[in-house]
Amino acid sequence: MAEHAGPDGRLVLAATPLGDSRDASPRLAEALRGADVIAAEDTRRTRALAAALGAAPTGRVVSFYDAVETSRIGGLVAAVEQGQTVLLVTDAGMPSVSDPGFRLVAACVEKGLPVTCLPGPSAVTTALALSGLPCERFCFEGFAPRKDGERRRFFTALADEPRTAVFFESPHRIAATLATAAEVLGADRRAAVCRELTKTYEEIRRGGLGELAEWAEDGVRGEITVVVAGAPPRQRDIGDLAEEVRRLADDGMRLKDAAAQVAAAHGVSKKALYDAALSV
């Protein structure tokens, strides 16, 4: 759908610092000063950030948190349609990423209104970079479930996930969450608990899930992001792999070539796989 709006009307998503106002970009300060409407998850925190940046808002500042998000969307979309710049900010990090924003973006997209973004801090990518775990491929899982049964299913779904996983957790539940993770994924699965990122008491704890669960029993404070290593590849049964070799051979590939290809893909002995395929 082509975008349209009145003169210069648009929705701007803006990432805000995780804790240190010096991480704000000059573009964020400019946007705070110049937006016609600022939709803020916490208006007090946004005004404090603006003050720290010397960027006093000249437009309206309205609240935009979970409980009022739906009721605010119509007015904000109308403002964009009327040619106004609506700036969306949350308490920290990128709007829409486990914070309000997605529904407003979707509403603007539905009407073909311009949506743009001022990139910046994200707890997800910051924690990934600091974790010491592979992060070429990763998945973000939002907040871990509160209830024990749902939390157990949450980690069961990650048991065979090869990508590094990132999720948020509250300080009150982190000990129970790590204990469940250790039980389901294994105490030796590598992980990192990142708390108070970019703030005075920033701390990164790395180790096995069992070790981290024990550490958390004494209590953990602050904003928390957890990074868990992906599952190691499971070695398939030699008999199943031999069947795969035979199927390739039946399709016209030489048996030795088929055995070599499957062995290389699964890290098993080519000779053992070839011998197994002969007996299938």
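Anything mentioned here points back to the structure above.
Conventions we followed
- Residues numbered from 1 in each chain as written.
- Predicted model: local features only at pLDDT ≥ 70, side-chain atom pairs only at ≥ 80, totals over all residues.
- Heavy atoms only, no water.
- Salt bridge = Lys/Arg side-chain N within 4 Å of Asp/Glu carboxyl O.
- Buried < 20%, exposed > 50% of the residue type's maximum accessible area, 1.4 Å probe, protein only.
- Helix = DSSP H or I, 4+ residues; strand = E, 2+ residues; numbered from the N terminus.
- Expected span 1.5 Å × (residues − 1).
- Contact = heavy atoms within 4.5 Å.
- Polar contact = N/O pair within 3.5 Å; in protein donor to acceptor, adjacent residues only side chain to side chain.
- Pairing = 2+ DSSP bridges.
- Axes fitted to C-alpha atoms, helices over the stretch in contact; angles between N-to-C directions.
- Arc of directions from axis to C-beta.
- Right-handed = clockwise from strand over helix to strand, strands pointing away.
- Core = buried A, V, L, I, M, F, W, Y, C linked by side-chain atoms within 4.5 Å.
- Parallel < 35°, antiparallel > 145°, perpendicular 65-115°, else oblique.
- Nonpolar A, V, L, I, M, F, W, Y, C, P; charged D, E, K, R; others polar.

Asks: Before we go on, may I ask you to explain the pattern of salt bridges in this structure?
Replies: One side chain can pair with another of opposite charge once the charged atoms of both are near each other. For the structure shown, the criterion picks out 15 salt bridges. Between Glu-203 and Arg-205 there is a salt bridge, and its shortest N-O distance comes to 3.7 Å. With a relative accessible area of 23%, Glu-203 lands in the partly exposed category. Taken together, the shared-partner salt bridges connect Asp-148, Arg-151, Arg-152 and Glu-183 into one network.

Asks: How should I be thinking about helix α3 (residues 69-81) in this particular structure?
Replies: Think of an α-helix as turning once every 3.6 residues; residues three or four places apart then point the same way. For α3, built from 13 residues, the straight-helix expectation of 18 Å at 1.5 Å per residue is met to within 8% by its first-to-last C-alpha distance of 18 Å. Within α3 the residues assigned to the buried category are Glu-69, Ile-73, Leu-76, Val-77, Ala-79 and Val-80. The elements touched by buried residues of α3 are β1 (10-14), β2 (37-40), β3 (60-63), β4 (85-89) and α4 (102-110).

Asks: Teacher, can you tell me more about the side chain of Glu-41 here?
Replies: You can see Glu-41 is positioned in the loop between β2 and α2 (43-52). Reaching out from Glu-41, the side chain makes a polar contact with the backbone nitrogen of Asp-91 at a distance of 2.9 Å. Those residues in contact with Glu-41, other than ones at most four positions away along the chain, are Phe-64, Tyr-65, Val-89, Thr-90, Asp-91, Asp-99 and Pro-100.

Asks: Teacher, can you tell me more about the sheet that holds β2 here?
Replies: Pairing between the strands of a sheet comes from backbone hydrogen bonds, and it takes one of two forms, parallel or antiparallel. Within the open sheet, the 5 strands sit side by side as β3-β2-β4-β1-β5. Their pairing is parallel. Each having just a single partner strand, β3 and β5 (115-118) make up the two edges of the open sheet. Strand after strand, the sheet turns through a mean of 25 degrees between neighbouring axes, direction not considered. Pairing geometry for β1 and β4, over 4 bridges, is parallel. Across the sheet, Leu-13 pairs through a bridge with Leu-88, a residue of β4.

Asks: I keep staring at the side chain of Thr-90 and nothing clicks. Help me out?
Replies: Within the secondary structure layout, Thr-90 lies in the loop between β4 and α4. Discounting chain neighbours no more than four positions away, the residues touching Thr-90 are Thr-16, Glu-41, Pro-95, Asp-99 and Pro-100.

Asks: I keep staring at helix α11 (residues 270-278) and nothing clicks. Help me out?
Replies: All of the buried residues in α11 are Leu-273, Ala-276 and Ala-277. All buried residues of α11 fall inside an arc of 100 degrees around its axis, so they share one side.

Asks: I keep staring at the pairing of β3 and nothing clicks. Help me out?
Replies: Direction of pairing for β2 relative to β3: parallel, over a ladder of 4 bridges. Paired with Ala-39 across the strands is Val-62, a residue of β3. Remark: the β2/α2/β3 crossover connection has right-handed handedness.

Asks: Would you mind going over the sheet that holds strand β7 (residues 164-169) with me for this structure?
Replies: Strand order in the open sheet made by the 5 strands is β6-β7-β10-β8-β9, with mixed pairing throughout. Each edge of the open sheet carries a strand with a single partner, namely β6 (138-143) and β9 (203-208). Neighbour-to-neighbour, the strand axes of this sheet turn through a mean angle of 15 degrees, independent of strand direction. As paired elements, strand β8 (residues 190-195) and β9 share 6 bridges and run antiparallel to each other. Paired with Cys-194 across the two strands is Ile-204, which belongs to β9.

Asks: Could you clarify how one ought to interpret the nonpolar core in this entry?
Replies: Inside soluble globular proteins, nonpolar side chains tend to come together where they are buried. Ranked by internal contacts, the top residues of the largest apolar core, which has 23 residues, are Phe-155, Phe-167, Ile-174, Leu-178, Leu-209, Val-226 and Val-228. Of all elements in the fold, only α6 (148-157), β7, α7 (174-185), β8, α8 (209-216) and β10 (224-228) reach the threshold of two or more residues within this core. Excluding residues within four positions of it along the chain, Val-228 makes contact with Leu-133, Thr-164, Ala-165, Phe-167, Leu-185, Arg-189, Arg-190, Ala-191 and Leu-209.

Asks: Mind showing me how you'd approach the packing of helix α9 (residues 238-250) against α11 here?
Replies: The description of two packed helices rests on the angle between their axes and on the distance between the axes. α11 packs onto α9 with a crossing angle of 70 degrees between their chain directions and a minimal axis gap of 8 Å. On the basis of the axis angle, α9 is roughly perpendicular to α11. Note on element contacts: α11 touches α9 through Leu-273, Ala-276 and Ala-277, opposite Ile-238, Leu-241, Ala-242, Val-245 and Arg-246. By residue class, the composition of the contact of α9 with α11 is 7 nonpolar, no polar and 1 charged.

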